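Here's the letter readout for the chains.
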Amino acid sequence: MNTLRAAGLGLMAAAVLALGCVQKTEKPIVKTVLPNGLTVIVKTVPGSPVSAIHLLVGHRMAFEKKPGESNLVQMMLDQGAGDLDRQAIARRIEELGAQLKTHDNPYFPFDDYYNSRDFAYVRFKVLSENLEPALDFFALLVRRPTFPEKELARIKARVLATLRESQVIPDKVARNRFYSLLFQGSPLAHPILGTPESVAEITRDDLVRYYQAAYVPANCILTIVSDRPASWVLERVRKLFGDWSGSANLAPDTAALKPVEPQTVEIPVPGKRAYIYMGTKIPGLRDLDAPALRVAAMVLSDRMAGELREKRGLAYRLGAFTRFYSPGVGVFALVMGTSSHKYAEARKGMQEMLESLVQNPPTEQEIRRVVNASWGSHLRYHQKKINQAYFLSLYEYLDPGYEYDLAQIRLLRQVRPEDVVRVARKYLQPKQMVLVAAGGF
Amino acid sequence: MGFFLPLLLLTATVQERVLPNGMRVILKEDHSAPLVDVTVVVKSGAVYEADSTLGMTHFLEHLLFDGTETQTREQIRDRFDERGIYFNAFTRHDFTAYLINGPSEFIDDGIRNQADMLMHSILPEHELEKERQVVIEEMHKDRARPSEVADELFRSIAYAGTPYAKPVLGYEEQILRVKRGTVYRYYKAFYRPDNMIAIVIGDFDPDHIVKVLEDAYGPSPDTPLPPAPEIPPFQPEGTRVVQKTWQFPSTYLMVALPALPPDDPRAPALEVLVELLNSEGDSPFLQQVVAGDHPLAVEAYFSYEKHLGLNTLQLTAKPNSPADARRILQILQNTLSDLSWITDDMVRRTRTALVADHYFTTESFTYEGMYLAYWVALGGSYDLYQRFYDGIRQVSRDQVLAAGQAVFQPLRYVAVIVGPGGAR
């Protein structure tokens, strides 16, 4: 795979300077790596009443012996830490004027936006006036969790109930199988919640072992966006995390990079709905083709909405997306939720849309429209300090570096119609797709 | 540049102006991101409707996306999409709001497009039929949801005699019958600049943006504005419990108690009190109702409902049975008649959590615009909105107890219990 290595950070810096509107909002960002291997990114937003602390824990599935361990560790982080029990943690969060999020809430439909099979997160928002005690508290939560047995039983029961429900929800069934086929042999194939069997077997000892292996400084990126100068923040971080020890011993995930065989899998799930995933592997985010692939997904999403939903009334939910992962690989996929009796027509429609990228190439105007929409969406997400912290962490983790967050819009605006056609021919042949459908066929 | 009357310079970055066409404009500069949010509040909602125009406001909200004198529906949408502008609208009892949010570089055209929709829509006949079906489908969807059915039933009983008894969506038979001419007359009566408030938040130049707004919206007609709705105060005599049955297996309990208007100096303390009642760790009500080995309800929460002339404290609970709903009412009375369980520490934590939550939500210009829309639609200003949230920071335990005394002594409420057939 050709990569952006040669261009490196120089391109990113040039992109930032070339973008007047980005330059205007640019804030000082400092990155450092502590001697123990912890990557720390600090962004200063003067006057912000809200501060954000974000911890990204890498390669979450690679440390699992039993699928679901990572999710349970995340769910247990606020159940006990140091001398604090669950209630004391909840009270402390209130006192600080804070919000903590460590995992997806399966009962909120769009809560899984930040959920990844590649890394775990701890998202912490707090009133800036309380940032100093909040950092102390945050360090306690992530460095001294106690995983109390009685809370584990309750949390496991909740996960098992969710898993039982998920078995009859077509989109969850299809998604899990889709990724397990795409990443066969890689830890990325693990279902995030685990399976009913694996979760039932997980003990407190498993969680302690997992935590000690995954929560080590060299496997983490700590990002803080606040109103304080970087020097102040870094001093606190060194004091709280400087003596954090442990090392991550991970073999490279070569299985994730293996090409995937095209195939079709249909999974019967009772009901009148069907959910379809159609996709394939693509190169990682550093690859020179990544911007064109991202634009191709945006164009497809737009076309699917106009043609398949508005004109043909085929879907209640649909779209196309790209996702990128740390081993240097990505996924390009189209998804659609439809009524069971429209399944065949919906599937055919998705294939037609994919073919249309080559047969009916996007116009300059079409690309401008989707890239501008992406730019607007980018700005909206970045209004929240916690999302600023999240995206800086994400791009640092995925390797282009945190600067990519600012540079990406320029890369997307450079994509031309012929680039989209080229990557569609190269990576998105309908015959090369993995198709997974779940529902009442 | 036109002539503007500066009303009040609230802070260095927030201004309120009135344009020559009568449109009120609230301008909050925030240059932290190259983004602008414009929320246009129209003083047109279910409470402004006559019996003959029930549901019209919501129906109209749908129709305003369907074409203007110079643009088709697709052209309106494309114009927003091509500029990365998010657009949406929502209808409430007290007002209708139309919002756009997009990069500063494109916001002028976004405002022109939004103004074209609001001022020059033609409500094409063929789109009317399509939207009629969409609205009716929305009603059917609501009718399948117990929470929506319970809410509609509750409103019709608790707020009988006020415009809040009516559903925002209106009634199916009326939407099926309504003619284009009726909708158009309603549209022209309410959609005029002097009946609108624009809230602009983000990265813009105030003088420039008011010029764009004035040009885009044009003059207001010389005719008088529609009259303000008359809303009798909510003053139940004593306690009243109404029990009904329905087709669903679940039970709902909904209770309305009279509350303070948002401009009352005690309102921030009441907000803290409501949040305390909602705190699973602190509220003796929730500890008895939803916690423990045998909870009486799967869910229960309080809300402080602020409307034009109608302000209530509302409890919504999902009890296990109508009998448990009666037990919950008893616990409610006991909890509200003696607030000595509230401590200084609880008040301190709760007000911090409320302030934090407000800051977290309003980090987004869109959400701040939506929050402000409620306040200005109720006759408030940015100043009142700011004072309310600043007030929460200062609330003491004594003030919380005083607010409770004002609202709960004597205890008056209307409660509606609805449960499966067979119940009384």
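The structure displayed is predicted, hence computed values, not measured ones. (Residues numbered from 1 in each chain as written. Chains lettered and ligands numbered in written order. Predicted model: local features only at pLDDT ≥ 70, side-chain atom pairs only at ≥ 80, totals over all residues.)

A. Region of the structure containing the overall build of chain B. Of regular secondary structure, chain B possesses 15 helices and twelve strands. Taking 424 residues into account, the globule formula puts the C-alpha radius of gyration at 22 Å, and chain B, at 23 Å, falls close to it. Seen through its principal axes, chain B has C-alpha atoms that stretch 65 × 50 × 40 Å. Out of the 424 residues in chain B, the part that is buried amounts to 47%. (Helix = DSSP H or I, 4+ residues; strand = E, 2+ residues; numbered from the N terminus. Rg over C-alpha atoms; globule rule 2.2 N^0.38 Å. Buried ≥ 20, exposed ≤ 12 C-beta atoms within 10 Å, placed from the backbone.)

B. Quick look at the environment of B:Val134. Residues and elements named next belong to chain B. With respect to the secondary-structure elements, Val 134 resides in helix α4 (residues 125-143). The class of Val 134 is exposed, set by 12 C-beta atoms lying within 10 Å. Put simply, Val 134 and Ser 147 are 13 residues apart on the chain and 21 Å apart in space, counted from C-alpha to C-alpha.

C. Layout of the sheet that holds strand β10 (residues 297-306) of chain B. Residue and element names in this part refer to chain B. With mixed pairing, the five strands of this open sheet are ordered in space as β8-β12-β9-β11-β10. The sheet is open, and its two edges are formed by β8 (239-246) and β10, each paired on a single side. Each strand axis lies, on average, 15° off the axis of its neighbour in the sheet, ignoring direction. Where strand β9 (residues 252-258) lies against strand β11 (residues 311-319), six bridges are found, and the strand directions are antiparallel. Each residue of the ladder has a partner; that of Met 254, found in β11, is Thr 316. Set on the sheet, helix α9 (residues 267-277) makes contact with β10 and β11; between it and β10 the angle comes to about 175°. The sheet contacts of helix α11 (residues 322-337) involve β8, β9, β10, β11 and β12 (413-420), and relative to β11 the element is tilted by about 140°. (Pairing = 2+ DSSP bridges. Axes fitted to C-alpha atoms, helices over the stretch in contact; angles between N-to-C directions. Contact = placed C-beta atoms within 7 Å.)

D. Spotlight on the packing of helix α3 (residues 69-76) of chain A against helix α9 (residues 204-214) of chain A. All names here are of chain A. Viewed as axis vectors pointing N to C, α3 and α9 meet at an angle of 90°, and their least axial separation amounts to 9 Å. The orientation of α3 relative to α9 falls into the category roughly perpendicular. For the pair α3 and α9, contact is made by Glu 69, Ser 70, Leu 72, Val 73 and Met 76 and by Asp 206, Leu 207, Tyr 210 and Tyr 211, respectively. By residue class, the composition of the contact of α3 with α9 is six nonpolar, one polar and two charged. (Parallel < 35°, antiparallel > 145°, perpendicular 65-115°, else oblique. Nonpolar A, V, L, I, M, F, W, Y, C, P; charged D, E, K, R; others polar.)

E. Local environment of the domain arrangement of chain B. Residue and element names in this part refer to chain B. Looking at the assigned domains, one finds that chain B contains domain 1 (5-217) and domain 2 (239-420). Computed from C-alpha atoms alone, the centre-to-centre distance between domain 1 and domain 2 is 28 Å. Across the boundary between the two partners, domain 1 contributes 30 residues, which contact 27 residues of domain 2. Mapped by element, the contributors of at least two residues to the side of domain 1 that touches domain 2 are β2 (14-18), β4 (35-42), β6 (96-103), α5 (146-158) and β7 (196-202). With seven residues, α5 is the single largest residue contributor to the side of domain 1 that touches domain 2. (Domains from an automatic or database assignment.)

F. Layout of the domain arrangement of chain A. Residues and elements named next belong to chain A. Domain annotation for chain A reports domain 1 (27-252) and domain 2 (259-439). The C-alpha-based centres of domain 1 and domain 2 are spaced at 27 Å. Listed by partner, the interface residues are 34 residues for domain 1 and 33 residues for domain 2. Elements with a contribution of two residues or more to the side of domain 1 that touches domain 2: β1 (29-33), β2 (39-44), β3 (50-58), β7 (119-127), α7 (170-182) and β8 (220-226). The leading source of residues in the side of domain 1 that touches domain 2 is α7, at nine residues. Counted by class, the side of domain 1 that touches domain 2 contains 19 nonpolar, seven polar and eight charged residues.

G. Region of the structure containing the pairing of strand β12 (residues 329-339) of chain A. Residue and element names in this part refer to chain A. Taking burial as the measure, the eleven residues of β12 include nine buried ones, the bulk of the element. Here strand β10 (residues 273-283) runs beside β12; their pairing, made up of eleven bridges, is antiparallel. Looking at β12, one finds that Gly 279 is bridged to Ala 333. Where strand β11 (residues 317-325) lies against β12, nine bridges are found, and the strand directions are antiparallel. Within β12, the residue paired with Arg 317 across the bridge is Gly 337.

H. Molecular detail of the interface of chain B and chain A. Counting residues at the interface gives 25 residues for chain B and 28 residues for chain A. Those elements that place two or more of their residues in the side of chain B that touches chain A are α2 (73-82), β6 and α12 (344-362) of chain B. If one sorts the elements of the side of chain B that touches chain A by residue count, α12(B) sits on top with seven residues. Of the residues assigned to the side of chain B that touches chain A, the class counts are twelve nonpolar, seven polar and six charged.

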